[in-house]
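Here is how the chains run, residue by residue.
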Amino acid sequence: MTVRSRSRDARTCPALLAIFLLILSVHLAKSASEYDPYKILGVSRSASQAEIKRAYKSLAREWHPDKNKDPKAEDMFIKISKSYEILSNEERRSNFDRYGQMDENQPFGQSQHHGFRSFHNSFYFDESFFHFPRSRDFADSKYMLHHAQFNSDVLPDSHKRPYLIKVTSEWCFACIHIEPVWKETVQELEPLGVGIGIVDLGYERRLANQLGAHRAPSIIGLVNGRVTFFHQAVVREHLRQFVEDLLPQKLVEKITDNNYKTFLDSWHVENKPSLLLFDQVPIVPLLYKLTAFAFRNYVRFGFVDQGETHNARLLRMFNINTYAPTMLLFKEDTEKPVDIIQARGMKRQIMDEFVSNNKFLQVPRLVSQQLFDELCPVKQFHRRRKYCVLLITREDQAFLPGNKAFLDFATTNKKDVLRFAYIYQRHQQPLCQALLYNQAVVSPQVVILERRSQAGKVLYRSVSGGWNGSEEDKYLLHEQLELLQKDPTYLSSDATLPELNNEMAPIFIIQWMNAAYDYIIQIYDDLLYSNWREMMPILSLIFSALFILFGTVIIQAFSEPGDSKPRKPKPKEQPQTEDDASSRASTSSRPPRKDFVEVTELTDITYTSNLVKLRPVLTFSTLHFSFLNADKHRHWMPSLLRSASEAAWSESHCDDDEESSDYSGHVLALNGYKKYFCIFRPVFTGDDPNDSSSETSSSSDRRKSRSRSRSIHHKLDRLGLWMERLMEGTLPRLQVPAWPMLDDTNNSFTES
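Not measured: the values here are computed from a predicted model.

Calculation notes
Residues numbered from 1 in each chain as written. Predicted model: local features only at pLDDT ≥ 70, side-chain atom pairs only at ≥ 80, totals over all residues. Heavy atoms only, no water. Helix = DSSP H or I, 4+ residues; strand = E, 2+ residues; numbered from the N terminus. Buried < 20%, exposed > 50% of the residue type's maximum accessible area, 1.4 Å probe, protein only. Contact = heavy atoms within 4.5 Å. Areas by Shrake-Rupley, 256 points an atom, 1.4 Å probe, with all protein chains shown as cover. Phe/Tyr/Trp six-rings, centres within 6.5 Å; stacked < 30°, edge-to-face > 60°. Patch = residues over 30% accessible without salt bridge, like charges linked within 9 Å, V, L, I, M, F, W, Y side chains within 5 Å. Salt bridge = Lys/Arg side-chain N within 4 Å of Asp/Glu carboxyl O. Lys, Arg positive; Asp, Glu negative; His and termini not counted. Charge placed at Lys NZ, Arg CZ, Asp CG, Glu CD. Polar contact = N/O pair within 3.5 Å; in protein donor to acceptor, adjacent residues only side chain to side chain. pLDDT = per-residue confidence, 0-100. Axes fitted to C-alpha atoms, helices over the stretch in contact; angles between N-to-C directions. Parallel < 35°, antiparallel > 145°, perpendicular 65-115°, else oblique. Left-handed = near helix turned anticlockwise from the far one by under 90°. Core = buried A, V, L, I, M, F, W, Y, C linked by side-chain atoms within 4.5 Å. Expected span 1.5 Å × (residues − 1). Pairing = 2+ DSSP bridges. Disulfide = S-S within 2.5 Å.

1. A closer look at the overall build of the chain
No. 1: The number of helices and strands found in the chain is 27 helices and 19 strands.
No. 2: Here the chain holds 752 residues, and 37% of them are scored as buried.
No. 3: For the chain, restricting intrachain contacts to residue pairs at least 6 apart in sequence, the fraction spanning at least 24 positions comes to 69%.
No. 4: Carbon together with sulfur atoms contributes 54% to the accessible area of the chain, which is approximately 46900 Å² in total.

Printed below as a string of structure tokens:
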């Protein structure tokens, strides 16, 4: 009985397992077929991108949770957004049409629901085996980042505020574990001005690769375009400290009774207002650091701890209330602040508005094109005219009274349409030359201008008489400004201004050192936390260089001692004789070196082998260069010319060459098998200028004169052109019945 029950159980288990797998596969197929982005958006599979976008906008307005109070509105809105993400991307849409695939992590041809990976290794469940219907929290959807949005918006904005980015994926159980801490951190840091972002590792693989994030969950900090990974335990305090460490050092300076004067007087050099924050806490608040980071290019920030005894003088001088944080903003006047704000619950919006309204000095110095664009913007509309009153001066001691008088005039004549500024001629010479017609600044000059285009076109007018700061100068400037507001055509001159020099830009060596420091810190961080995927190219380069270096050392160490000895210089070559030439002919069979063309003497052996008995081959033949000693073989050339066909060689030429015994400079291209040759004759360049022969001289005198002329002038001037025609095959070919013997004095011919 026991044996039968065991056998029955053994038969029942595979059957139950098969039924379970069948039910599971049907459930998975059903759940996969339920989600169809085409049905959700209500479009056909052949719909265009315009139709898909139109349907998405219509459904998004209808099912937005803020407008639709249906309990299912949030889930429906997420489905609509997810469907549009799939169908708006051609690659994802193609994967879904072919494989029903919606996740870029899956390889092509596999279904999204693959619970069992392999039956060969073990009964293995994937994380997505139990496909519970999980939808992303609607509050997180506004933080989702896309590749184009990241590069166009987030990356430039990281120069104004830090970003905290979480990398997650669809079925990441560790991501669910850190979700409560992440939400608390977002609720704390976002009101302070920290940017928040979420990257889906499945849908934004390209963005994840750009950030260097290859696993989920990952938390990334982004400041000034630089990516930094968070490697500590995910606790709210650690994340807050991580964001604070991302900010540059020395954003906020600690101010006491001893250094406050130096801090406030630095507006001369820094060309920025100064802001002091008084608070009871001993450390600088993160809110204040974030504000200082956002406006670091405009305002200098200082922090005063009200609890320290070293700051009692400051508290009495400015009558600071110790029960609430206080902010004082100073410009040119260091004794009296131009603006004050005091509040118990200091908010980021209040601080931004306070600093934005006081970004510039009363009369700032134009030190860059960016500052010029913000102070004196280009005219867009008639009612938004902005006139820039510019003082061109110098930093010498004699010019300081006029500069101070211009500051006083600007302080008492504040108007919305006027912007007062000054420049130093020594630092902005191109701009001054364009406005003053290359005149040197003997006394300060005042120019009223209006910008008309981004290309630098301006309308301007110079105030006559210069500027000395007297009451008469102030009255004249005030009168011209009143006329300008009544009649805009008062600006009668026009010019195109060059771009301003950036006086505050660091020198190249400092920029290079900062970039090198950031690179070293990045390498150290990657090595410390074993980010080998990013470090592999650098490590490969380092090990390759070390391998080449040590390989070279080992080869030199084991090389023969004689190889390293310096070679003795070769003795100078003696003039070549006929015997030496004949002896070198025997070595002509050696293969020539590649760096030069070997020219050998034409002897009986080489003449017979390379010309007379030459047979055709299947490969392309090469050119063999040889020279012929005319004194040793003086009968060969006349024999060859006589054997040439008279149809291709004129009689006059034959007679002329037979009578002349000087064949030096002639070049022959011989085809041994087809028995033809092409001839290059030295060019007759004219009589010698020193020759006094007359036109009535005999033909023999002309031949002697020609011979002398050839010895004087270059005989091979046109050989290059002749070689080109030879390679093109356009030279006339002279046929011979047989090749004459090289050293036969009877001019006999070789048999074919």
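2. What to know about the environment of Leu-623
No. 1: The topology assignment puts Leu-623 in the loop between helix H23 (604-612) and strand S16 (625-627).
No. 2: Sequence separation of Leu-623 and Leu-670 is 47 residues, and the distance between their C-alpha atoms is 9.9 Å.

3. Examining the packing of aromatic side chains
No. 1: According to the stated counting rule, one finds 13 aromatic pairs in the structure shown.
No. 2: On the numbers, 4.1 Å between centres and 10 degrees between planes, the contact of Tyr-56 with Tyr-84 is stacked. Here Tyr-56, found in helix H3 (residues 49-63), pairs with Tyr-84, found in helix H4 (residues 73-88); they are 28 residues apart in sequence, far enough to count as distant.
No. 3: The interplanar angle of 70 degrees and the centroid separation of 5.3 Å between the aromatic rings of Phe-230 and Phe-242 together place this pair among those described as edge-to-face. On the criterion of sequence distance, the pair formed by Phe-230 in the loop between strand S4 (226-229) and helix H10 (236-246) and Phe-242 in helix H10 is long-range, its members being 12 residues apart. In this structure, Phe-230 and Phe-242 share a single accessibility class: buried.
No. 4: Members of the aromatic cluster, joined through ring pairs, are Phe-406, Phe-409, Phe-420 and Trp-467.

4. Some remarks on a positive patch on the surface
No. 1: Taken together, the side chains of Lys-53, Lys-57, Arg-61 and Lys-67 present a region of like positive charge at the surface.
No. 2: Along the polypeptide, Arg-61 turns up in helix H3.

5. A closer look at the side chain of Gln-369
No. 1: Positionally, Gln-369 belongs in helix H16 (residues 369-375).
No. 2: At 2.9 Å, the side chain of Gln-369 and the backbone nitrogen of Leu-500 are in polar contact.
No. 3: For Gln-369, the residues in contact, after removing those within four places along its chain, are Arg-451, Pro-498, Glu-499 and Leu-500.

6. Thoughts on the environment of Ala-669
No. 1: On the secondary structure map, Ala-669 appears in strand S17 (residues 667-671).
No. 2: What makes Ala-669 buried here is its relative accessible area of 17%.

7. Quick look at the confidence of the model for the chain
No. 1: Put simply, the chain has an average pLDDT of 77, and 71% of its residues get 70 or more.
No. 2: Mean pLDDT values for the elements of the chain range from 46 in helix H25 (residues 651-659) up to 95 in helix H13 (residues 286-294).
No. 3: The low-confidence segment residues 1-13 (pLDDT under 50) makes 0 contacts with residues lying over four places distant or belonging to another chain.
No. 4: This stretch, residues 28-33, has a pLDDT under 50; its non-local contacts, to residues over four places away or in other chains, come to 5 contacts.

8. Points about the packing of helix H8 (residues 173-189) against H10
No. 1: Two elements in contact, H8 and H10, have axes separated by 9 Å at closest approach and are oriented at 45 degrees. Taken together, the axes of H8 and H10 are oblique relative to one another. As for how H8 packs across H10, the hand of that crossing is right-handed. Along its contact with H8, which presents Val-181, Glu-184, Thr-185, Glu-188 and Leu-189, the element H10 presents Arg-236, Leu-239, Arg-240 and Val-243.

9. Digging into the nonpolar core
No. 1: Residues Leu-164, Leu-275, Tyr-288, Phe-301, Met-327, Leu-366 and Leu-435 are the most contacted members of the largest nonpolar core, which totals 64 residues.
No. 2: For this core, the element with the most residues is H13, which contributes 6 residues.
No. 3: Once residues within four sequence positions are removed from consideration, Leu-366 is found in contact with Leu-371, Phe-372, Leu-375, Leu-390, Ala-421, Tyr-422, Ile-423, Gln-428, Leu-500 and Glu-503.
No. 4: By size, the runner-up hydrophobic cluster in this structure holds 23 residues, among which are Leu-391, Ala-410, Tyr-422 and Val-446.

10. Remarks on H4
No. 1: The end-to-end C-alpha distance of H4 is 22 Å, a good match for the 22 Å that 16 residues give at a rise of 1.5 Å each.
No. 2: Inspection of H4 places Ala-73, Phe-77, Ile-78, Ile-80, Ser-81, Ser-83, Ile-86 and Leu-87 among the buried residues, and these make up the whole buried set.

11. Looking at the pattern of salt bridges
No. 1: Applying the stated criterion to the full structure yields 20 salt bridges.
No. 2: A salt bridge links Arg-161 to Asp-157; the shortest N-O distance between them is 2.8 Å.
No. 3: One network of salt bridges, in which partners are shared, links Glu-188, Arg-236 and Arg-240.

12. Structural notes on the sheet that holds S17
No. 1: Pairing in this open sheet of 3 strands is antiparallel, and the strands run S17-S18-S19 from one edge to the other. With one partner strand each, in any of the chains shown, S17 and strand S19 (734-735) form the two edges of the open sheet.
No. 2: By the bridge criterion, 2 bridges tie strand S18 (residues 676-680) to S19 in an arrangement that is antiparallel. Paired with Phe-677 across the bridge in S19 is Leu-734.
No. 3: This element, helix H27 (residues 719-728), spans S17 and S18 of the sheet and lies at about 155 degrees to S18.

13. Focus on the state of the cysteines
In a disulfide, the sulfur atoms of two cysteines are covalently bonded to one another.
No. 1: What the rule picks out here adds up to 2 disulfides.
No. 2: Bridging Cys-172 to Cys-175, the disulfide has an S-S length of 2.3 Å. Judged by the torsion about the S-S bond (80 degrees), the Cys-172/Cys-175 disulfide is right-handed. In terms of burial, Cys-172 and Cys-175 fall into one category: buried.
No. 3: Shown here for the chain is a disulfide pattern of 1-2, 3-4, where each number marks a bonded cysteine counted in sequence order.

14. Considering the environment of His-268
No. 1: Relative to the helices and strands, His-268 resides in helix H12 (residues 267-270).
No. 2: For the pair formed by His-268 and Lys-331, sequence separation is 63 residues and the distance between their alpha carbons is 10.0 Å.
No. 3: Polar side-chain contacts of His-268 include one of 3.5 Å to the side chain of Trp-267.

15. Some thoughts on the sheet that holds strand S8 (residues 326-330)
No. 1: Strand order in the open sheet formed by 5 strands is S5-S7-S6-S8-S9, with mixed pairing between adjacent strands. Taken across any chain shown, the strands that pair with only one partner, and hence form the sheet edges, are strand S5 (252-254) and strand S9 (339-342). Averaged over all pairs of adjacent strands, the angle between strand axes in this sheet comes to 20 degrees, irrespective of strand direction.
No. 2: Relative to S9, S8 runs antiparallel, the two being bridged by 4 bridges. Counted as the bridge partner of Thr-326 is Gln-342 from S9.
No. 3: Sitting on the sheet, H13 is in contact with S5, strand S6 (274-279), strand S7 (300-305) and S8, with an inclination near 165 degrees to S7.
No. 4: Contacting S6, S7, S8 and S9, helix H15 (residues 348-356) runs over the sheet at an angle of about 175 degrees to S9.

16. Brief notes about the packing of H3 against H4
No. 1: At a minimum axis separation of 10 Å, H3 and H4 run at an interaxial angle of 165 degrees. The pairing of H3 with H4 is recorded here as roughly antiparallel in orientation. With respect to the hand of their crossing, H3 and H4 are arranged in left-handed fashion. For the pair H3 and H4, contact is made by Gln-49, Ile-52, Lys-53, Tyr-56, Leu-59, Ala-60 and Trp-63 and by Ala-73, Met-76, Phe-77, Ile-80, Ser-81, Tyr-84, Leu-87 and Ser-88, respectively.

17. Side note on the pairing of strand S12 (residues 445-451)
Note on strand geometry: in a regular strand, side chains alternate between the two faces of the sheet.
No. 1: Among the 7 residues in S12, 6 count as buried, and that is most of the element.
No. 2: Pairing of strand S10 (residues 387-393) with S12 involves 5 bridges; the strand directions are antiparallel. Its bridge partner being in S12, Cys-388 is matched across the sheet by Leu-449.
No. 3: In sequence, S12 turns back onto strand S13 (residues 457-462) through a hairpin of 5 residues, with Gly-456 there showing a positive phi of about 110 degrees.

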